[in-house]
Amino acid sequence: MVHYQRYYYQQLRKSQVLLNDLMKGNEEDNKSQALSSSIVRGNAAKGYLYCKRARPTLRIMFLLSLLTFCSLICLTRVLRFHYTFPLSYSLGADNFVEMDSEIGSHGPLCSPMINGTICCDRSSMRTDICFMKGDIRTNSSTSSIFLYITKHQNSSIAGGSLNFVDEIEDEIGGKGLQIEWIKPYTRKWETSIMNTIKELQLATKHRKSGFDHKCDVWHDVPALVFSTGGYTGNVYHEFNDGILPLYISSQGFNKKVVLVIVEYRNWWFTKYGDIISLLSDYPPIDYNRDKRTHCFSEVIVGLRIHDELSIDPSLMEGNKTIGDFRDLLDRAYWPRIRSLIQDEEREQQLKLHEKLSSPPLSTMVPPEPEQRGLHLHLQHQFKKPMLTILSRNRSRAITNQHLVVRLAEEIGFQVEVLNPERTTELAKIYRVLNSSDAMMGVHGAAMTHFMFLKPGRVFIQVIPLGTEWAAETYYGKPAMKFGLKYIGYKILAKESSLYKDYDEDDPVLTNPKSVVKKGWQFTKNIYLDNQTVELDLQRFIKHLVQAYEWSVSRRLGQLEVKNSNPLRLWPL
């Protein structure tokens, strides 16, 4: 659960911001006092009477300038005027600009984009994004993407208002060329993992004939460059840091975009190929291994990200929501699910054929077709709601899971137990959860699969000691945004295996927050890697009954399902 580290980063960031504001305020006060003193001394020496009316004048001029600037902005919004060009994307959550349905804008920081330039937005805490426009060519052997410009473009850019991060001099002695460095992964704030991400050089070069300017593959659509390194291998991070940002960033292209993947992994594409095929019409490029020179007219390096397992509709073209992403998952997995169903039906037919070819064991007359249809209809109408339990085998496992299964069945659930592994086919997990009325599991990466539930279903998250903040931040709140009925069950100290390892008054049991504040390693070693759960069924039954009643009422279309005494469903 490496994403816990963002909690510590946020606290440090708040402290640094407060300190910087305080220091800045002191510096401004000192400068103001020094300026006032020097003016007074100077006027006194000349025999002038010093008057402080100059400061209000400056303030009035500033306010008038600000009013004029705001008026111009409002006017452009009213007139719906945009700087436009072929790329349809924006800069992300921190610098989003509304996009047209066909062509968008880079936002105020990179709008308008001049042909032959590179513009980078580094304002977000989560990610950097760079835009390139012009004669663009990849060079994987040097981990570079080059933008070739003419001498005329170079002089025009140098005289413009672009803020170059750096200037370089190329092999023919040209000055004023631009270079940017970027790691295209959406955990910019986490230094330790970003150190493992390949850094790309984005640089302008003078156009000239020769081997270095060749083009092996020409693409007539833009490129979107991102990394599948970092925490890829953990299903939470695969969706939160990769698949969802990719969905967000690719929506403006209508599949007319080439995905260029840094740190490409074959197993990742095999796992998520069904989704990728709905985001791009073109085969992805393995940037590290493909040594050919790929040529583009426009390139975006980096992905936008909104929040944990979430999509902000106000930042999306067409106000798309997390529900639209869920529809994408449905389209991606159902072809495979149909194939699985057909395989099972063929297998059942073979078994039936073998059974019919054997001597009959009974003289019972099968029901007429009309009777069979009525039976199936009634069976569907009174079908028990389905609860799927995502099981864990090691840390944070439910040690009395068999009793939980029995309890849920006694309440009225049909129970399915899943133990997903890294190699488990996602379509198979999706098939089970898509048909489930409720999902239950202990806090961990597997809870990411709540996105496979249909909106309106129930998500029960068991929250072990020391995991409350992460459980609510990374799964609880996103699940509610997703449209699920979320039930968080916070265990007591006696329900944790740590109760046997520590004294009753130890802060590990009595004040987990104080232990978590000590750092990531304390959280990981104590609460994540060395804790199991034994649920108190007397407490937990209320949550299961709540989930059952919600599921039944949803099926019946009622607001409330009453039971005279639901606790009697379980013989305790």
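Residues numbered from 1 in each chain as written. Predicted model: local features only at pLDDT ≥ 70, side-chain atom pairs only at ≥ 80, totals over all residues. Heavy atoms only, no water.

Observations regarding the overall build of the protein chain
- A count of helical and extended segments in the protein chain gives 15 helices and 16 strands.
- For the protein chain, with 572 residues in total, the buried portion stands at 47%.
- When contacts within the protein chain are restricted to residue pairs at least 6 apart in sequence, those whose partners lie at least 24 apart make up 72%.
- Accessible surface, the protein chain as shown: approximately 30,600 Å² in total, 54% of it carbon and sulfur. (Helix = DSSP H or I, 4+ residues; strand = E, 2+ residues; numbered from the N terminus. Buried < 20%, exposed > 50% of the residue type's maximum accessible area, 1.4 Å probe, protein only. Contact = heavy atoms within 4.5 Å. Areas by Shrake-Rupley, 256 points an atom, 1.4 Å probe, with all protein chains shown as cover.)

Looking at the packing of helix H5 (residues 235-250) against helix H7 (residues 322-357)
- Their axes nearest at 11 Å, the elements H5 and H7 cross at an angle of 95°. With respect to H7, the element H5 is oriented roughly perpendicular. In this structure, H5 contributes Phe239, Ile243, Leu244 and Tyr247 to the contact, and H7 contributes Ile322, Asp324, Phe325, Leu328 and Leu329.
- A breakdown of the residues in the contact of H5 with H7 according to their chemical character gives eight nonpolar, no polar and one charged. (Axes fitted to C-alpha atoms, helices over the stretch in contact; angles between N-to-C directions. Parallel < 35°, antiparallel > 145°, perpendicular 65-115°, else oblique. Nonpolar A, V, L, I, M, F, W, Y, C, P; charged D, E, K, R; others polar.)

Things to note about the sheet that holds strand S12 (residues 386-390)
- With parallel pairing, five strands are arranged side by side in an open sheet as S13-S12-S14-S15-S16. The open sheet has two edge strands with one neighbour each: strand S13 (414-418) and strand S16 (485-490). On average, each strand axis in the sheet is inclined to that of its neighbour by 20°, with strand direction left out of account.
- One ladder, built from four bridges, connects S12 with strand S14 (residues 438-442); its direction is parallel. (Pairing = 2+ DSSP bridges.)

Comments concerning the packing of aromatic side chains
- Here the structure, examined in full by the defined rule, presents 18 aromatic pairs.
- Relative to tyrosine 486, the ring of phenylalanine 459 has its centre 5.5 Å away and its plane inclined at 50°; by these criteria the two rings are tilted. A residue pair is termed long-range when its members are at least 10 positions apart, and phenylalanine 459 in strand S15 (residues 458-463) and tyrosine 486 in strand S16 qualify at 27 residues. A single burial state applies to phenylalanine 459 and to tyrosine 486, both of which are buried. (Phe/Tyr/Trp six-rings, centres within 6.5 Å; stacked < 30°, edge-to-face > 60°.)

Describing the environment of leucine 537
- Among the secondary structure elements, leucine 537 is positioned in helix H15 (residues 537-556).
- Given a relative accessible area of 12%, leucine 537 falls into the buried group.
- Taking the C-alpha atoms as reference points, leucine 537 and leucine 403, 134 residues apart in sequence, are found 8.3 Å from one another.

Describing unusual backbone geometry
- The phi angle at lysine 255 is positive, at roughly 75°, despite the residue not being glycine.
- Within the element layout of this structure, lysine 255 appears in the loop between H5 and strand S9 (258-262).
- The exposure class assigned to lysine 255 is partly exposed, which follows from its relative accessible area of 26%.
- A positive phi angle, close to 60°, is found at arginine 396, a residue other than glycine.
- Along the chain, arginine 396 turns up in the loop between S12 and helix H9 (401-411).
- Judged by relative accessible area, which is 5%, arginine 396 ranks as buried.

Regarding the pattern of salt bridges
- Per the counting criterion, the structure on display carries 25 salt bridges.
- Notably, a salt bridge pairs arginine 126 with glutamate 308, separated by 3.0 Å at the nearest N-O pair. Linking arginine 126 in the loop between strand S1 (117-121) and strand S2 (129-139) with glutamate 308 in the loop between strand S11 (294-301) and H7, this pair joins segments that are 182 residues apart in sequence. Each member of the pair, arginine 126 as well as glutamate 308, is classed as buried.
- Residues participating in the shared-partner salt-bridge network are Arg122, Asp128, Glu180 and Lys188. (Salt bridge = Lys/Arg side-chain N within 4 Å of Asp/Glu carboxyl O.)

Brief notes about the environment of asparagine 195
- Structurally, asparagine 195 is set in the loop between helix H4 (191-194) and strand S6 (200-206).
- Residue asparagine 195 is classed as exposed on the basis of its relative accessible area, which comes to 56%.
- A sequence separation of 35 residues divides asparagine 195 from glycine 230, and the C-alpha atoms of the two residues are 8.9 Å apart.

Observations regarding the environment of leucine 328
- Locating leucine 328 in the fold gives a position in helix H7.
- Taking the C-alpha atoms as reference points, leucine 328 and leucine 278, 50 residues apart in sequence, are found 7.6 Å from one another.
- What leucine 328 contacts, discounting residues up to four positions off in sequence, is Tyr247, Ile275, Leu278 and Leu279.

Things to note about the nonpolar core
- Core analysis: the largest hydrophobic core is formed by 64 residues, its most contacted members being Phe239, Phe325, Phe450 and Phe459.
- The element contributing the most residues to this core is H5, with eight residues.
- What phenylalanine 459 contacts, discounting residues up to four positions off in sequence, is Met439, Met447, Phe450, Leu453, Tyr475, Ala479, Leu484, Lys485, Tyr486 and Ile487.
- Ranked by size, the runner-up nonpolar core spans 35 residues in total, among them Phe413, Tyr527, Val533 and Ile541. (Core = buried A, V, L, I, M, F, W, Y, C linked by side-chain atoms within 4.5 Å.)

Remarks on the packing of H9 against H15
- With their axes 10 Å apart at the nearest point, H9 and H15 run at an angle of 45° to one another. Taken together, the axis directions place H9 and H15 in an arrangement best described as oblique. Where H9 crosses over H15, the handedness of that crossing is right-handed. Taken together, the residues of H15 that come into contact with H9 (itself represented by Leu403, Val404, Leu407, Ala408 and Ile411) are Leu537, Phe540, Ile541, Leu544, Val545 and Tyr548. (Left-handed = near helix turned anticlockwise from the far one by under 90°.)

Here's the deal with the pairing of S13
- Bridging between S12 and S13 involves five bridges; their strand directions are parallel. Paired with leucine 387 across the strands is valine 415, a residue of S13.

A short note on H7
- For H7, which comprises 36 residues, the first-to-last C-alpha distance of 51 Å matches the rise-based estimate of 52 Å (1.5 Å per residue) to within 8%.
- Buried within H7 we find Ile322, Phe325, Arg326, Leu328, Leu329, Ala332, Tyr333, Ile337 and Leu340.
- If you follow the buried residues of H7, they end up packed against H5, helix H6 (266-276), helix H10 (426-434) and helix H11 (468-482).
- Its side-chain oxygen 3.1 Å from the backbone nitrogen of glycine 323, threonine 321 forms the N-cap of H7. (Expected span 1.5 Å × (residues − 1). Polar contact = N/O pair within 3.5 Å; in protein donor to acceptor, adjacent residues only side chain to side chain.)

Description of the state of the cysteines
- Tallied over the entire structure, the rule returns two disulfides.
- With a sulfur-sulfur separation of 2.2 Å, cysteine 215 is cross-linked through a disulfide to cysteine 295. Note that cysteine 215 is positioned in the loop between S6 and strand S7 (217-218) and cysteine 295 in strand S11, a separation of 80 residues in sequence.
- For cysteine 215, a relative accessible area of 32% translates into the label partly exposed.
- Assessed through its relative accessible area of 0%, cysteine 295 is described here as buried. (Disulfide = S-S within 2.5 Å.)

Such coordinate-based values are descriptive only and should not be taken to indicate function.
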